[in-house]
Structures are given as structure tokens and as C-alpha cells.
Amino acid sequence: MEPAQPADRVPADRTPPAGQPPAGLPADAAAEPVVTGPTTPATGEPALVASEPAAQPPAPLGGSGAGGVPSTGGRPTPPRAAAAKAERSPKDMAISLLVLLIPIALLLAFYRGFLGGDQAATVDPAPAIEQARSANTFPVSQPQGLGSDWRTVSARYQSVEGGANLRIGYLTPEGRGVQLLQSSVPAERLLPAELTDEGQPQGPTELAGRTWQRYAARGNQQALVLLEPTRTVIVLGDARDNELRELAGALR
């Protein structure tokens, strides 16, 4: 059975029936033989018209092509390129981290080595000491003969309820904190506030001709306490006992 011709198309072969000239040719050309190619159908048979291929749906963008291969813009990505990209990802991440870490390490080294970033800021305790002496509420002592590796990090004179306090904070040679407190507040109120209610005397110790009392304080801190009629002196901190004794014995 021969395929049907589309209704809106004219057969490509215009060969007339036997004995008639082809349509559309001049009369004088009717006698000339018509040369046709090898695909020209036989006389009296309709020409075959190739049907148009069915339209293929476009490949989804960003989806997967045949065989699960990811595609970009409707074209599948070659498997080798995808595998190479996956293999380079960890290396690229490592390089990116290295690029970020190198400047940070250089800045940190400059901050510590040249700007002294790890060292605590020191202060001059002289103004606070002079203010306490000018107030004349209690006799004021000052450490003498401490090494240069003792650093003063805070100093303040302050009037409080029941008296006044002079606090001077130090950083010991071992890098621990110690506070020197001289106060006119009565000892029965001062000691519980500074050493907590759990602070208990641990026995006396002699330093520079004075009898100090050793106390256990909050946490891992310990204290040396000097009780006098007009003031109470406390050396308190988490430093070792020898550093506490050094600071207390240097008071003049």
C-alpha cells in the first residue's frame, strides 16, 4: 500500500499520463525527453514524500542527560570532565584555606612579636597612692625593691561604706595576678567581703618584722593578712606562696 499524500502538498512528480506533455512546460519542449534522477518514480506512480521527523522535547536545563550524566544548557557534561572537577574540589578548598591562613598567621606573629600583644598593659600607681595619702584615712605603704618583672596593671583609691580602699593589682614574674589591698574598713566587715565567709586562717607567718596571717580564699586563691589598729592590709591572689610573701615583705 502506498502512503497517502498530504492534502496541502502537491506531488513533486508532474509526469502526465502517456501521450501528454508535462504540465507547465512550453509546447515545443514537450517532445524533449524528461531526464529524471534515480529516485524518480515510474510513470503513473505518485511520488513518495518523506514525512517530517517528530519534534523532540528539549532537554531540561540543569537536569540529567542520558545515562544520568549531568547536562548544562541541554548538553550532557562529559563524564571525564565531571570526574576531574570532583577530584579537584578538595585541593581547591585546601589552597583557599591556605591563602586565608597565611595572612592571619603573619598578622598574629607581628602583633605578638612587635606590638607585645600578649603583655598586659601597665599603669602608674603613683596618682592613686598620692590620692590615698592626701585623704589621710590610713597609713599607706608601697612595695620597695620589686624586680622589673613585676608589672602594675591597676591602681585605684576609692571611698566606700565604712572607710576607704586602695587597690593595686600586679602581674607576677610567673604571669599570675596578685592584688594589694589597704583599707580602713573594719576587719570584721572587710575579710568576709574579700575572702568570702569560707576564708579561714591557716596560721601566722613572719615577714619583714611583721606578723601576717595566712588565709584560704575563694577558689584556688590564698591571702596574707596584716591586721593593724588603723588599717588592714591584704595580699590576695592565685600566685604561689613565695610570690605572695615577696610582695608582702616588700611593703614599706
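Residues numbered from 1 in each chain as written. Predicted model: local features only at pLDDT ≥ 70, side-chain atom pairs only at ≥ 80, totals over all residues. Heavy atoms only, no water.

*Asks:* Please provide a residue-by-residue account of the sheet that holds strand β5 (residues 177-183), values included.
*Replies:* Here we have seven strands laid out as an open sheet, ordered β3-β4-β5-β9-β8-β7-β6, and antiparallel in their pairing. The sheet is open, and its two edges are formed by β3 (151-160) and β6 (201-207), each paired on a single side. Strand after strand, the sheet turns through a mean of 20° between neighbouring axes, direction not considered. Two elements, β5 and strand β9 (residues 232-237), share six bridges in a ladder whose sense is antiparallel. Within β9, the residue paired with Gln 182 across the bridge is Val 233. (Pairing = 2+ DSSP bridges. Helix = DSSP H or I, 4+ residues; strand = E, 2+ residues; numbered from the N terminus. Axes fitted to C-alpha atoms, helices over the stretch in contact; angles between N-to-C directions.)

*Asks:* Run through the pairing of β9, naming residues and quoting values.
*Replies:* The element β9 is largely enclosed, with a buried count of six among its six residues. With burial as the criterion, each face of β9 is covered, one bearing Thr 232, Ile 234 and Leu 236 and the other bearing Val 233, Val 235 and Gly 237. Here six bridges tie strand β8 (residues 222-227) to β9, and the two strands are oriented antiparallel to one another. Residue pairing across strands places Leu 224 opposite Val 235, the latter belonging to β9. Linking two consecutive strands that pair antiparallel, namely β8 and β9, is a turn of four residues. (Buried < 20%, exposed > 50% of the residue type's maximum accessible area, 1.4 Å probe, protein only.)

*Asks:* I'd love a proper account of the environment of Ala 217, names of residues and values included.
*Replies:* Along the chain, Ala 217 falls in the loop between β7 (210-216) and β8. When the C-alpha positions of Ala 217 and Thr 196 are compared, they lie 6.8 Å apart, and in sequence the two are 21 residues distant. Apart from the residues lying within four places of it in its own chain, the contact partners of Ala 217 are Leu 195, Gln 222 and Leu 236. (Contact = heavy atoms within 4.5 Å.)

*Asks:* I'd like a rundown of the pairing of β5, residues and numbers included.
*Replies:* With five of seven residues buried, β5 is to be regarded as a mostly interior element. Judged from the seven bridges that link them, strand β4 (residues 163-171) and β5 form a sheet pairing that is antiparallel. Residue Tyr 170 lies in a different strand from β5, and its bridge partner there is Val 178.

*Asks:* Which residues make up the nonpolar core, and what values go with them?
*Replies:* Core analysis: the biggest nonpolar cluster contains 24 residues, and Leu 166, Trp 212, Leu 224 and Val 235 have the highest contact counts within it. For this core, the secondary structure elements donating two or more residues are α2 (126-135), β4, β5, β8, β9 and α4 (241-249). Among the elements that take part in this core, β4 stands out by supplying four residues, more than any other. Not counting residues within four places of it along the chain, the set of residues in contact with Leu 224 comprises Thr 205, Leu 207, Trp 212, Gln 213, Arg 214, Val 233, Ile 234, Val 235, Leu 244, Arg 245 and Ala 248. In terms of nonpolar packing, the next biggest core, distinct from the first, is built from eleven residues, Tyr 215, Ala 217, Val 225 and Ile 234 among them. (Core = buried A, V, L, I, M, F, W, Y, C linked by side-chain atoms within 4.5 Å.)

*Asks:* Lay out unusual backbone geometry with the relevant residues and their values.
*Replies:* Positive phi, normally seen in glycine, also occurs at Asn 136, with a value near 55°. Relative to the assigned elements, Asn 136 resides in the loop between α2 and β3. For Asn 136, a relative accessible area of 64% corresponds to the exposed category. The backbone of Ala 208 shows a phi angle near 50°, a positive value even though the residue is not glycine. Relative to the helices and strands, Ala 208 is located in the loop between β6 and β7.

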